[in-house]
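Structural description and commentary
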Amino acid sequence: MELRSELLKSIWYAFTALDLEKSGKVSKSQLKVLSHNLCTVLNIPHNPVALDEDFRDDDDGPVSNQGYMPYLNKFILDKVVEGSFLKENVDNLCWTLTAKKNYRTDSRSVLPRDDAFRLWCLFNFLSEDKYPLVMVPDEVEYLLKKICMAMNVELNCVELEDFLSQDSVQQKGFTVWAFLDMMNSGKLTRGIDRETVTMAVEQVYREIVGDVLKEGYLWKKSQLRRNWKERWFTLKPNSLSYFTNEDQKDHKGSIALDMNCCVEVLPDKDGKRCMLCLKTLSKTYEMSASDTKQRQEWSSAIQTAIRLQTEGKTSLHKDLKMKRREQREQRERRRQAKEQELQRLQALQEEKARKLAELELLKEAQRQAQALLEQDELRRRQQHEQLRRTLEVQLQEAEEARASMQAEMALKEAEAEKQRKRIRELEDMQQQLEEALHQEIKARQDEEAFRYTQARLLAEEEEKMKALMALQEEQEEYILKTQREKQELKQEMESKSRALEEAQRQVEEVRANRHRVDQDVMAAQKKLRQASTNVKHWNVQMNRLMQPVGPGEKRTSGISFSSFRIPAQKDPGLHLRQRSGDRDEESKENVDRGAAEVSSRKKKCMTH
């Protein structure tokens, strides 16, 4: 059933390509050619008479798609035997027919024709089972990610979002021609050479359409010679085939996979590393990968193929496509459930709004009823007031009747008694009115007393304000006086400061004079020491001359100074130093006295 569905997708494109007028009908001659070619590529016998016999009633016109389907199913698809033909030949035939009409290329196209054919096959594989064939955006994104992963690049999601945001794509989905135009624009493969794109498309095509789970070089140990040879292995869900090289022309053998197979990792031996073995019921195949990563990938891929055989599935990507479709359907069901829930919530909100409107109407009715009650109360008060006026009038009339009844008391005693009772009631009412009047008068008197008390308090407050203003004026006068005294003290301090500076200047002059005097004294002392030295010298000479002369000694003539005494000279600087010291003491006393007076003035200013 899956094979028939895949074949019908390709044949549908061939049929629509023959419908040049887009009327949904194709001539019988063209269908004969198409049917013959299909029988040729499907390896089934062709009956050229069957088409004429099947459409004998439609000789007057072309055949529609619905009319061709019974013939196609009965005479062609029912005779197809899986494995007796190459589906790639069928796809190539249908692509040749449809590409002539629908696939347009120009100088800016980046896809070779073979790549466009492979992308067309991939599109048919991933498209929905609905006609006209379209592919949902999720599948387009999945396919582009696979291609980018094969090129080791990252998908340009911005450009993809621009294509997916188009109205026609969002409403109907991607058609194959829109998909090929997008790929030919080169926006998603910008900066990548064509060879890389071709290799990536071919790899994804072989993986998805050709059911190739993995392929690559492995070292295989021979069953007979027990030697190691490098082979190109291709893994599919039902078999593991190996060839001499990657062009796959020289087929060396194939290993059938079923649920009884298993794959194991082996330790290194015979000079080979990263070894693994595939065990079947009859044989064990030993292989060696290039590295640990490749061994892990091959082990996982072979286990996936065995799992598919165990589950009775023939294609990994068909299974993945069904799972993705189920996920989309679940998302769609969840989305519909959410929409239903939103609709239910909207209905609840509308019901709530309706109830709120009813509540507002009830509140409005309540307000109207309240207004009516207020009007009734007002009317009742008016009636009461009218009744009170009527009673007052009646009281006045009763007073007048009382005056008249006093004259007629003897004649109408019984009636007078009634009138007296009426009068007593009126008097009680009058007494109540008088008491109310007294209470009102008392309240007015109390109000007058309160007003008087308030006036008295205001008068007292005014007097206090006057006293406060007087105190404030006195304070301002005292502040002005203090400022004047402070100004005077400041002037006096300035004069004292000037006097102190003058005294200091005099002290400096005295010190300068004293320094000069000290220098004079030192000069006089130096002269005195020199004179004393001279005196001592002359005394020595005089003592030598005063010695007696012996017989035969010569006496040197000279003057004797033995009796000469030089009086002690008085220190010439002593008197000057005494006078200078007296002046210094007097200056110091003046300075100390001026400083004490200035400090006392400052303290007074600070106190003020």
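Note that the structure is a prediction, hence the values are computed from the model and not measured.

Section: the pattern of salt bridges
Scanning the entire structure with this criterion turns up 44 salt bridges. For the salt bridge of Arg 324 with Glu 139, the shortest nitrogen-to-oxygen distance reads 3.0 Å. Here Glu 139 lies in helix α7 (residues 137-150) and Arg 324 lies in helix α13 (residues 316-407), a separation of 185 residues in the sequence. Taking relative accessible area as the criterion, Arg 324 reaches 15% and is therefore assigned buried. For Glu 139, a relative accessible area of 0% translates into the label buried. Glu 207 is the partner of Lys 146 in a salt bridge, and the nearest nitrogen-oxygen pair spans 2.7 Å. Pair noted here: Lys 146 is in helix α7 and Glu 207 is in helix α11 (residues 194-208), with a separation of 61 residues, a long-range link. Since its relative accessible area comes to 17%, Lys 146 is described here as buried. Several salt bridges converge on common partners, so that one network encompasses Lys 9, Glu 128, Asp 129, Glu 139, Arg 324, Arg 325 and Arg 328.

Focus: a nonpolar patch on the surface
A surface patch of nonpolar side chains, amounting to about 260 Å² of accessible area, comprises Leu 342, Leu 345 and Leu 348. As for its position among the elements, Leu 342 is in helix α13.

Thoughts on the pairing of strand β9 (residues 284-288)
By the criterion of burial, β9 is predominantly enclosed, with 4 of the 5 residues buried. Bridge analysis of strand β8 (residues 275-279) against β9 gives 5 bridges, and the strand direction is antiparallel. Within the sheet, the bridge partner assigned to Leu 278 lies in β9 and is Tyr 285. If you look at the hairpin formed by β8 and β9, you'll find 4 residues sitting between the two strands.

Here's the deal with a negative patch on the surface
On the surface, Glu 397, Glu 399, Glu 400, Glu 425, Glu 427 and Asp 428 cluster together to form a negatively charged patch. Elements supplying a minimum of two residues to the negative patch: α13 and α14 (413-546). Tracing the chain through its elements places Glu 397 in helix α13. A residue is classified by how much of its surface remains accessible, and Glu 397, at 47% relative accessible area, is partly exposed.

Remarks on helix α1 (residues 2-18)
Relative to the 24 Å expected for 17 residues at 1.5 Å per residue, α1 spans 25 Å between its end C-alpha atoms, a close match to the ideal helical length. Across the 17 residues that make up α1, a large majority, 12, are buried. Along α1, the positions that sit buried rather than exposed are Glu 6, Leu 7, Leu 8, Lys 9, Ser 10, Ile 11, Trp 12, Tyr 13, Ala 14, Phe 15, Ala 17 and Leu 18.

A look at the pairing of strand β3 (residues 214-221)
Alignment of β3 against strand β4 (residues 228-236), held across 8 bridges, turns out to be antiparallel. Looking at the pairing, Glu 215 lines up with Thr 234 of β4. The turn linking β3 back onto β4 is made up of 6 residues, and Arg 226 within it adopts a positive phi angle of 60 degrees.

Notes on the packing of helix α6 (residues 113-126) against α11
Axes are the key here: two packed helices are described by the angle between their axes and the distance separating the axes. The contact between α6 and α11 brings their axes to 10 Å, and the two run at 35 degrees. Seen from above, α6 lies across α11 with left-handed handedness. Together, Asp 115, Phe 117, Arg 118, Leu 119, Cys 121, Leu 122 and Phe 125 of α6 and Thr 198, Val 201, Glu 202, Val 204, Tyr 205 and Ile 208 of α11 make up the contact between the two elements. Here the residues of the contact of α6 with α11 are counted per class, giving 9 nonpolar, 1 polar and 3 charged.

Observations regarding the sheet that holds β9
Within the open sheet, the 7 strands sit side by side as β6-β5-β4-β3-β9-β8-β7. Their pairing is antiparallel. Both edges of this open sheet fall to β6 (251-256) and β7 (262-266), since each of them pairs with a single strand only. Adjacent strand axes in the sheet meet at a mean angle of 35 degrees, parallel and antiparallel pairs treated alike. The pairing of strand β5 (residues 239-243) with β6 spans 5 bridges and is antiparallel. Residue pairing across strands places Leu 240 opposite Ile 255, the latter belonging to β6.

Conventions we followed
Residues numbered from 1 in each chain as written. Predicted model: local features only at pLDDT ≥ 70, side-chain atom pairs only at ≥ 80, totals over all residues. Heavy atoms only, no water. Salt bridge = Lys/Arg side-chain N within 4 Å of Asp/Glu carboxyl O. Helix = DSSP H or I, 4+ residues; strand = E, 2+ residues; numbered from the N terminus. Buried < 20%, exposed > 50% of the residue type's maximum accessible area, 1.4 Å probe, protein only. Patch = residues over 30% accessible without salt bridge, like charges linked within 9 Å, V, L, I, M, F, W, Y side chains within 5 Å. Areas by Shrake-Rupley, 256 points an atom, 1.4 Å probe, with all protein chains shown as cover. Pairing = 2+ DSSP bridges. Lys, Arg positive; Asp, Glu negative; His and termini not counted. Charge placed at Lys NZ, Arg CZ, Asp CG, Glu CD. Expected span 1.5 Å × (residues − 1). Axes fitted to C-alpha atoms, helices over the stretch in contact; angles between N-to-C directions. Left-handed = near helix turned anticlockwise from the far one by under 90°. Contact = heavy atoms within 4.5 Å. Nonpolar A, V, L, I, M, F, W, Y, C, P; charged D, E, K, R; others polar.

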